[in-house]
Each structure stands twice: as structure tokens, then as C-alpha cells.
Amino acid sequence: VQLQACGGGLVQAGGSLRLSCATSGRAFGRYAMGWFRQAPGKEREFVAAINWSGGTTDYADSVKGRFTISRDNANNTVYLQMDSLKPEDTGVYYCAVAVNSGNYIYTTAIVYDYWGQGTQVTVSS
């Protein structure tokens, strides 16, 4: 099982980045996907989640209106479009899979079964 996250980088405040996360290695059934992030010295926190069909999404209050999660099931990929980035968005971003989730979504990290390696996002002021 592999989750390959990419798309991070260095961007100025107000800029945009698009993260992607591709899954491979096994059949997950219907699975929810999520993005979490961890800033230096802080705990990992929820950013966004999407259900299997893509019809239901949820976001942390801190990113609502700026970030958009989407997925392409044909290519086993989830995306996180990040606009109007702020320095406080800096951190390592992780994608995660919750297998056999039906059409539910989850905002709690402990529910997720598989995690990507993380991609660094740095927003300069």
C-alpha cells in the first residue's frame, strides 16, 4: 500500500498550491480520504476530508473558503487546492485513507488506516 503525496513547496502569502495524493497497491473498497497537517512543535491537525463519491466534504474552520478538496476515483487520486495561503498554513501535509468507509467522511486522524509520507508546504510572509 502506497500513498504518494506531492505538490508542496515554498510560496508567498496570498499564493496558491495544489497538493495531490495517489494511492496504489491494493483495492480499498469505498474509502474516504483526508488531509492533515503538522506544523513544527504542534500536533497533527485535520485540514479537509472527502467521502468516496466526492459529494460530501468537510474542512477545518481555519481553511474554509480557501482550500478545496476533490478526488478522481478513476485515477485513485485526491487533491487539495490551497488558495490565499497564509504563513500559519506552513507545515507538513499528509494524506490518509480510511478503508471500507462506505460514503462517510472522517475528521479524526485515528480513524484513518493508511498515511502518505507528507509533503512540505512553506508560506512566507
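Scroll up to find the structure this text is about.
All values derive from a computational prediction rather than experimental measurement.

S.K.: Sorry, what's going on with the packing of aromatic side chains here?
M.R.: The geometry of an aromatic ring pair is captured by the separation of the ring centres together with the interplanar angle, meaning the angle of the planes. Per the counting criterion, the structure on display carries five aromatic pairs. On the basis of an interplanar angle of 70 degrees and a centroid distance of 5.7 Å, the ring pair of Phe36 and Phe46 is categorised as edge-to-face. With Phe36 in strand 4 (residues 32–38) and Phe46 in strand 5 (residues 45–50), this residue pair connects regions lying 10 residues apart in the sequence. Of the two residues examined, Phe36 and Phe46, each falls in the buried class. An aromatic cluster of at least three residues, connected via ring pairs, comprises Phe36, Phe46, Tyr112 and Trp115. Sitting over the ring of Tyr94, Arg44 keeps its end group 3.9 Å from the ring centre. In this structure, Arg71 packs its charged tip against the face of Tyr31, placed 4.8 Å from the ring centre.

S.K.: Would you mind going over the nonpolar core with me for this structure?
M.R.: Soluble, globular proteins show a tendency: their nonpolar side chains are buried together. Within the largest apolar cluster, 35 residues are counted, with the highest numbers of intra-cluster contacts made by Trp35, Val47, Phe67, Ile69, Leu80, Met82 and Tyr93. Broken down by secondary-structure element, the contributors of at least two residues to this core are strand 1 (2–6), strand 3 (17–24), strand 4, strand 5, strand 7 (67–72), strand 8 (77–82), strand 9 (91–98) and strand 11 (119–124).

S.K.: Any chance you could explain the state of the cysteines here in plain terms?
M.R.: Throughout this description, disulfide means a covalent bond between two cysteine sulfur atoms. Under the criterion given, the structure shown has one disulfide. Disulfide pairing places Cys21 opposite Cys95 at an S-S distance of 2.0 Å. In this structure, the disulfide formed by Cys21 and Cys95 twists by about 60 degrees around the S-S bond and is classed as right-handed. Here Cys95 lies in strand 9 and Cys21 lies in strand 3, a separation of 74 residues in the sequence. Accessibility classification places Cys21 together with Cys95 in one group, the buried group. Cysteine Cys6 shares no disulfide, and the gap to the nearest cysteine sulfur, in Cys21, comes to 8.4 Å.

S.K.: Looking at this model, I keep getting lost on the side chain of Ser101. Mind explaining?
M.R.: One can find Ser101 in the loop between strand 9 and strand 10 (114–115). By relative accessible area, Ser101 is classed as buried at 3%. Residues contacting Ser101, with those up to four places away along its chain left out, are Arg30, Tyr31, Ala32 and Tyr106.

S.K.: Hey, could you run me through unusual backbone geometry in this one?
M.R.: Glycine aside, residues mostly have negative phi angles, and peptide bonds mostly take the trans form. The phi torsion at Asn76 lies on the positive side, around 50 degrees, for a residue other than glycine. With respect to the element layout, Asn76 can be found in the loop between strand 7 and strand 8. Positioned with a positive phi, Asn100 is a non-glycine residue whose angle comes to about 50 degrees. You can see Asn100 is positioned in the loop between strand 9 and strand 10.

S.K.: Just to check I follow, could you spell out the environment of Gly118 for this structure?
M.R.: Structurally, Gly118 is set in the loop between strand 10 and strand 11. Accessibility expressed as a relative area gives 17% for Gly118, which makes it buried. When sequence neighbours within four positions are dropped, the list of residues in contact with Gly118 reads Val92, Tyr93 and Tyr94.

S.K.: What is the right way to read the sheet that holds strand 1 from this model?
M.R.: Within a beta sheet, neighbouring strands are joined by backbone hydrogen bonds and run either parallel or antiparallel to one another. In spatial order, the strands read 1-3-8-7; together these four strands make up an open sheet with antiparallel pairing. Each edge of the sheet is formed by a strand with only one pairing partner; in this case those strands are strand 1 and strand 7. Between one strand and the next, the sheet's axes are offset by a mean angle of 15 degrees, whatever the strand orientation. Pairing of strand 7 with strand 8 involves six bridges; the strand directions are antiparallel.

The rules behind the values
Residues numbered from 1 in each chain as written. Predicted model: local features only at pLDDT ≥ 70, side-chain atom pairs only at ≥ 80, totals over all residues. Heavy atoms only, no water. Phe/Tyr/Trp six-rings, centres within 6.5 Å; stacked < 30°, edge-to-face > 60°. Helix = DSSP H or I, 4+ residues; strand = E, 2+ residues; numbered from the N terminus. Buried < 20%, exposed > 50% of the residue type's maximum accessible area, 1.4 Å probe, protein only. Lys NZ or Arg CZ within 6 Å of the ring centre and 35° of its normal. Core = buried A, V, L, I, M, F, W, Y, C linked by side-chain atoms within 4.5 Å. Disulfide = S-S within 2.5 Å. Contact = heavy atoms within 4.5 Å. Pairing = 2+ DSSP bridges. Axes fitted to C-alpha atoms, helices over the stretch in contact; angles between N-to-C directions.

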